[in-house]
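Report on the structure
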Amino acid sequence: MSKVIHVAAAAIFNESGELLLALRHQKQHQGGLWEFPGGKVEAGETVRDALARELQEELGIEIDPLATTPLIQVPYHYPDKSVLLDVYRVNRFSGEAYGREGQPLKWIQLSELTDYHFPAANQPIVNALLLPATIAITPALAPQEYSDFIDTALLKGAGAVMLRAKHLSDAEQLSLYTALSAAYEGLLLIWNTSIEAANTVASVHLSSDRLMQLDNRADFKGRWLSASCHSSEQIKQAERLGLDYITLSPVQQTASHPDASPLGWDEFRRLVSETRLPVYALGGVSVDDLEKTIEAGGQGIAAISGFRC
Ligand SMILES: Nc1nc2c([nH]c(=O)n2[C@H]2C[C@H](O)[C@@H](COP(=O)(O)OP(=O)(O)OP(=O)(O)O)O2)c(=O)[nH]1
Ligand SMILES: [Mg+2]
């Protein structure tokens, strides 16, 4: 097995909120595809220092390495090499970016990201950029109470809402999901449901049992597909099926599942480091844990409490 190449890469945003892409030269590995600027971490260098050096060498810009935020780590095996892409968000830089190695650059809107062709390892990075940092999960409510919950959750900073309404029939849940999607245009509304009931809704979340029963994601092409994971085996299945993201729980003791033993933050960090998928911390966590979650390599947090009145 050849050595893993550790790569520091950057999702660089300018003041207008545009994202910088660079085109890899035809003769490079994964040539002719778009990339997030960066390069190999050298011996004795921290990843953030490597990032600052690469951005200076490739783009002629200066960054403060400590002002960057971890976005995602992607371990990926190409047939000819294994890489670990260590991707950071960069929101501040000085100088004007230009292709110092002759590579074309492009500032794009996030909404255009899916129009570009990237190396296969970049799919989780694209997802991480498109997904929010927080997901509010609905408690069991009467159907007419969900829009109040969503209004409050959005005010409290929720970036997406997961409809989890197991006390309602599949048909009731589907009509609720349909009505709420129409009422909250532009909101990522995720339906926690079964493979069979999922119909054609835009975003489906599976329990870990349902995840283990799924063979492939062909029926979910072009839609968000995610799952709840509690173990390394389940995470591997989610990765094998090419899911878009997962929740990992319970990170801490939680009133809703008092018998489940918590993973703790060290185990959360370890499990996250083994997968390329974006991971939300779930179970006994709140927005107050967001910074800790992101430093531990997570995408963000998912929670019920903390998003209610
Ligand atoms: N910088 C960067 N590399 C990526 C991305 N996606 C992806 O698979 N890679 C791979 C391609 C390369 O095999 C490896 C690192 O590329 P690199 O820019 O450091 O190295 P290079 O191929 O330019 O070669 P070198 O001349 O710097 O030695 O990571 C990405 O988005 N950005
Ligand atoms: Mg490079």
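Small disclaimer: the values here were computed from a predicted structure and weren't measured. (Residues numbered from 1 in each chain as written. Chains lettered and ligands numbered in written order. Predicted model: local features only at pLDDT ≥ 70, side-chain atom pairs only at ≥ 80, totals over all residues. Heavy atoms only, no water.)

**A short note on the overall build of the protein**
For clarity, the cut-off: Secondary structure elements follow DSSP: runs of H or I no shorter than four residues count as helices, runs of E no shorter than two count as strands, and numbering proceeds from the N terminus. Radius of gyration here uses only the C-alpha atoms, and the compact-globule reference equals 2.2 Å multiplied by the residue count raised to the power 0.38. Throughout, exposure labels follow a simple rule: accessible area from a 1.4 Å probe, protein chains only, divided by the maximum for the residue type, with under 20% read as buried, over 50% as exposed, and the rest as partly exposed. Contacts are assigned to residue pairs that have any heavy atoms within 4.5 Å of one another. Areas reported here follow the Shrake-Rupley algorithm with a probe of radius 1.4 Å; residue values treat only the protein chains shown as occluding. In this count, Lys and Arg are taken as positive residues and Asp and Glu as negative ones, while His and the chain termini are left out. Charged side chains are reduced to one point each, which is NZ for Lys, CZ for Arg, CG for Asp and CD for Glu.
Across its full length, the protein carries 8 helices and 15 strands. Here the C-alpha atoms of the protein give a radius of gyration of 20 Å, agreeing with the 19 Å that 2.2 N^0.38 yields for 309 residues. Principal-axis analysis of the C-alpha atoms places the extent of the protein at approximately 60 × 40 × 35 Å. Classification of the 309 residues of the protein by burial places 50% in the buried group. Long-range pairs, those at least 24 residues apart, make up 60% of the contacts in the protein with a sequence separation of at least 6. Approximately 14900 Å² of the protein is accessible, and the part contributed by carbon and sulfur atoms is 50%. Here the protein carries 25 positive and 38 negative side-chain charges, and the mean point of each set is 4 Å from the other.

**Some thoughts on the pairing of strand β12 (residues 224-229)**
For clarity, the cut-off: Here, any two strands with at least 2 DSSP bridges between them count as paired. Orient the strands so they point away from the viewer, and a crossover whose first-strand-to-second-strand path over the helix runs clockwise is right-handed.
Taken across its 6 residues, β12 has 6 buried, putting it largely inside the fold. The side-chain alternation of β12 yields two buried faces, one formed by W224, S226 and S228 and the other by L225, A227 and C229. In this structure, strand β11 (residues 203-206) lies alongside β12, joined through 4 bridges in parallel fashion. Within the sheet, the bridge partner assigned to L206 lies in β12 and is A227. Note that the unit made of β11, helix α5 (residues 208-213) and β12 has a crossover that is right-handed. Crossover handedness for the path β12 to helix α6 (residues 232-240) to strand β13 (residues 245-248): right-handed.

**Considering the nonpolar core**
The condition is simple: Residue types Ala, Val, Leu, Ile, Met, Phe, Trp, Tyr and Cys, when buried and joined through side-chain atoms within 4.5 Å, form a set referred to as a nonpolar core.
Residues I150, L248, F268 and F307 are the most contacted members of the largest nonpolar core, which totals 48 residues. Not counting the four nearest positions on each side in its chain, L248 is found in contact with C229, H230, I235, L263, F268, L271, V272, V279, Y280, A281 and L282. I72, V87, F118 and L129 belong to the second largest nonpolar core, which has 25 residues in total.

**Description of the coordination of the magnesium ion (ligand 2)**
Worth spelling out the cut-off: Sodium, potassium and calcium take a 3.2 Å donor cutoff, other metals 2.8 Å, and in both cases only N, O and S atoms count; water is not among them, so sites may look incomplete.
Only G38 (O) and E58 (OE) from the protein reach the magnesium ion (ligand 2) as donors, at distances of 2.3 Å. Remark: E58 occurs in helix α1 (residues 47-59) and G38 occurs in strand β4 (residues 38-40); sequence separation between them is 20 residues.

**Examining the domain arrangement of the protein**
For clarity, the threshold we go by: Domain delimitation in this document rests on an assignment produced automatically or drawn from a domain database. The quantity reported as buried area is the accessible area (1.4 Å probe) lost by two parts once they are put together, taken as the sum for both. Throughout this description, the term salt bridge denotes a Lys or Arg side-chain nitrogen within 4 Å of a carboxyl oxygen of Asp or Glu.
For the protein, the assigned domains read domain 1 (4-119) and domain 2 (134-303). On a C-alpha basis, the centres of domain 1 and domain 2 stand 29 Å from each other. Counting residues at the interface gives 8 residues for domain 1 and 8 residues for domain 2. Taken together, the two surfaces of domain 1 and domain 2 that pack against each other cover about 670 Å², and 54% of this comes from carbon and sulfur. Taken together, domain 1 and domain 2 are joined by 1 salt bridge.

**Quick notes on helix α4 (residues 170-183)**
Selection rule: In a helix, the anticipated span is given by 1.5 Å times the number of residues less one. What the arc describes is the spread of directions from the helix axis to the C-beta atoms.
When the terminal C-alpha atoms of α4 are compared, their 20 Å separation across 14 residues agrees well with the 20 Å that a helix rising 1.5 Å per residue should span. Residues Q173, L176, Y177 and L180 constitute the buried set of α4. Burial along α4 is one-sided: seen end-on, the buried residues are contained in an arc of 100°. Exposed residues lying more than 90 degrees from the buried face of α4 are A171 and A182.

**Let's talk about the pattern of salt bridges**
Evaluated as defined, the whole model comprises 10 salt bridges. For R53, the salt bridge is made with E42, and the minimal N-O distance between the two is 3.8 Å. With R53 in helix α1 and E42 in the loop between β4 and α1, this pair connects stretches of sequence that are 11 residues apart. Across the salt bridge formed by R53 and E54, the nearest N and O atoms sit 3.1 Å from each other. Here R53 and E54 have matching classes, each one buried.

**Regarding the site of ligand 1**
To be explicit about the condition: Nearness is judged by heavy atoms alone; a residue qualifies as near a molecule or strand once a single heavy atom is within 4 Å of it. Here a polar contact is recorded for every N or O atom pair within 3.5 Å, except that within protein the pair must consist of a potential hydrogen donor and a potential acceptor, and residues adjacent in sequence are included only if both atoms are side-chain atoms.
Around ligand 1, the structure places 16 residues, and the nearest of them are R24, Q28, H29, K40 and Y78. A distance of 2.6 Å separates an oxygen atom of ligand 1 from a polar atom in the side chain of K40. Separating a nitrogen atom of ligand 1 from a side-chain N or O atom of N122 is a distance of 2.7 Å. Relative to its unbound accessible area of 620 Å², ligand 1 is 80% covered by the protein chains. Those elements giving two or more residues to the shell around ligand 1 turn out to be β4 and β6 (82-90). Top contributing element to the shell around ligand 1 by residue count: β4, with 3 residues.

**Considerations on unusual backbone geometry**
Cis geometry marks the peptide bond from S249 to P250, where omega comes out at -10°. Secondary-structure assignment places P250 in the loop between β13 and α7 (264-274). Phi is positive for Q30, which is not a glycine, with a value near 60°. For Q30, the location among the structural elements is in the loop between β2 (19-23) and β3 (34-35).

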